[in-house]
Amino acid sequence: MTKVLLATEKPFAAAAVTGIREILDAAGFETLLLEKYSSKAELLAAVADVDAIIIRSDIIDAEVFAVAKQLKIVVRAGAGYDNVDLEAATQHGVCVMNTPGQNANAVAELVIAMLLFGIRNRFNGTSGTELMGKRLGLLAYGATGRNVARIAKGLGMQVFAYDPFMPAEAIEAEGVTPIATTAELFSSCDIVSMHIPATPETKGSIGKALVGSMPKKAILVNTARKEIINEAELLEVLKEREDLRYFTDIQPANHAEMLEALGERYFATPKKMGAQTAEANSNAGLAAARQIVGFIQDGNERFRLNK
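Residues numbered from 1 in each chain as written. Predicted model: local features only at pLDDT ≥ 70, side-chain atom pairs only at ≥ 80, totals over all residues. Heavy atoms only, no water.

Caption draft 1: Geometry of helix 5 (residues 104-119). When the terminal C-alpha atoms of helix 5 are compared, their 23 Å separation across 16 residues agrees well with the 22 Å that a helix rising 1.5 Å per residue should span. Taken residue by residue, helix 5 has Ala-104, Ala-106, Val-107, Ala-108, Leu-110, Val-111, Ile-112, Met-114, Leu-115, Gly-118 and Ile-119 as its buried positions. Check the buried side of helix 5 and you find it contacts helix 6 (143-154), strand 9 (191-194), strand 10 (219-222), strand 11 (245-248), strand 12 (266-268) and helix 12 (278-298). Following helix 5 by one or two positions, Asn-121 has its phi on the positive side, about 55°. (Helix = DSSP H or I, 4+ residues; strand = E, 2+ residues; numbered from the N terminus. Expected span 1.5 Å × (residues − 1). Buried < 20%, exposed > 50% of the residue type's maximum accessible area, 1.4 Å probe, protein only. Contact = heavy atoms within 4.5 Å.)

Caption draft 2: How the structure looks around the packing of helix 1 (residues 14-26) against helix 12. Packing of helix 1 against helix 12 leaves a shortest axis separation of 9 Å and a crossing angle of 15°. Taken as axis vectors, helix 1 and helix 12 run roughly parallel relative to one another. Of the two possible hands of crossing, helix 1 and helix 12 adopt the one that is right-handed. Mapping the contact onto sequence places Ala-16, Gly-19, Ile-20, Ile-23 and Leu-24 in helix 1 and Asn-281, Ser-282, Gly-285, Leu-286, Ala-289, Arg-290 and Val-293 in helix 12. Considered class by class, the residues forming the contact of helix 1 with helix 12 number seven nonpolar, four polar and one charged. (Axes fitted to C-alpha atoms, helices over the stretch in contact; angles between N-to-C directions. Parallel < 35°, antiparallel > 145°, perpendicular 65-115°, else oblique. Left-handed = near helix turned anticlockwise from the far one by under 90°. Nonpolar A, V, L, I, M, F, W, Y, C, P; charged D, E, K, R; others polar.)

Caption draft 3: Structural detail: the sheet that holds strand 6 (residues 135-139). Strand order in the open sheet made by the seven strands is 8-7-6-9-10-11-12, with parallel pairing throughout. The open sheet is flanked by strand 8 (177-178) and strand 12, the only strands paired with a single partner. Of the strand pairs in this sheet, strand 10 and strand 11 are connected by four bridges, and their pairing is parallel. Bridge pairing in strand 11 links Asn-222 to Thr-248. (Pairing = 2+ DSSP bridges.)

Put into structure tokens, the structure is as follows:
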């Protein structure tokens, strides 16, 4: 019998686990749970004889692949996948997938929520500003960027996007103005919301030069990945530019220093919150289960990430 492990240090909601189990049961698969584990040793023991793994932010590296001798597929329930070693997966003949789009609306709503919280001065009773008419720049125009654009246009914002992997005509067809470069996006938009993955090209790419070029009173929003920010440079430029603000759901390593230096111009959630809704939690988990069934039974590799 095909064994599928849910290896989730941060567990799925109970309803999501039930739904995942129902999908796998219907396919004749066995569901195993490893939730709230506290050591890598527990993970290594659990993967020894499984055929498939569903994860969230859990680290699946070369050591895991080395001991998971029967493993055929890992599905990351979510869009980001930098917590999986794709090269090691390929070396061990394991397919890796993500579930793009399942968390997109949840992340998009968080972006808008943080913006409203910030520009209305944290609802402290003083006069703030409005989003209507503001120029919103999206760094990448994938599923999350599209959802941010949809909500932003409903609020009367002007929406711009830079995505090197999408034709300008495709962006324009959705009522969004394409921008030619990252530098132009930062220098021309009142707000920049980042939706890029952490790759060798993007890690540390957002720093003093880009942020320092933003218009007066601009806001930078990061619901993507911690690693894309050059945190030392960001703090430096935010100290120099007292009109700029930074909102994120990924606490930087220098979080305490940011708080002390920037006060209410800086906001970070206690933990990564983009996908923390009941709907997103369920959607991503169910999608992961369906993708595993499709791969094992029919060889469907639609969302394969590695070669």
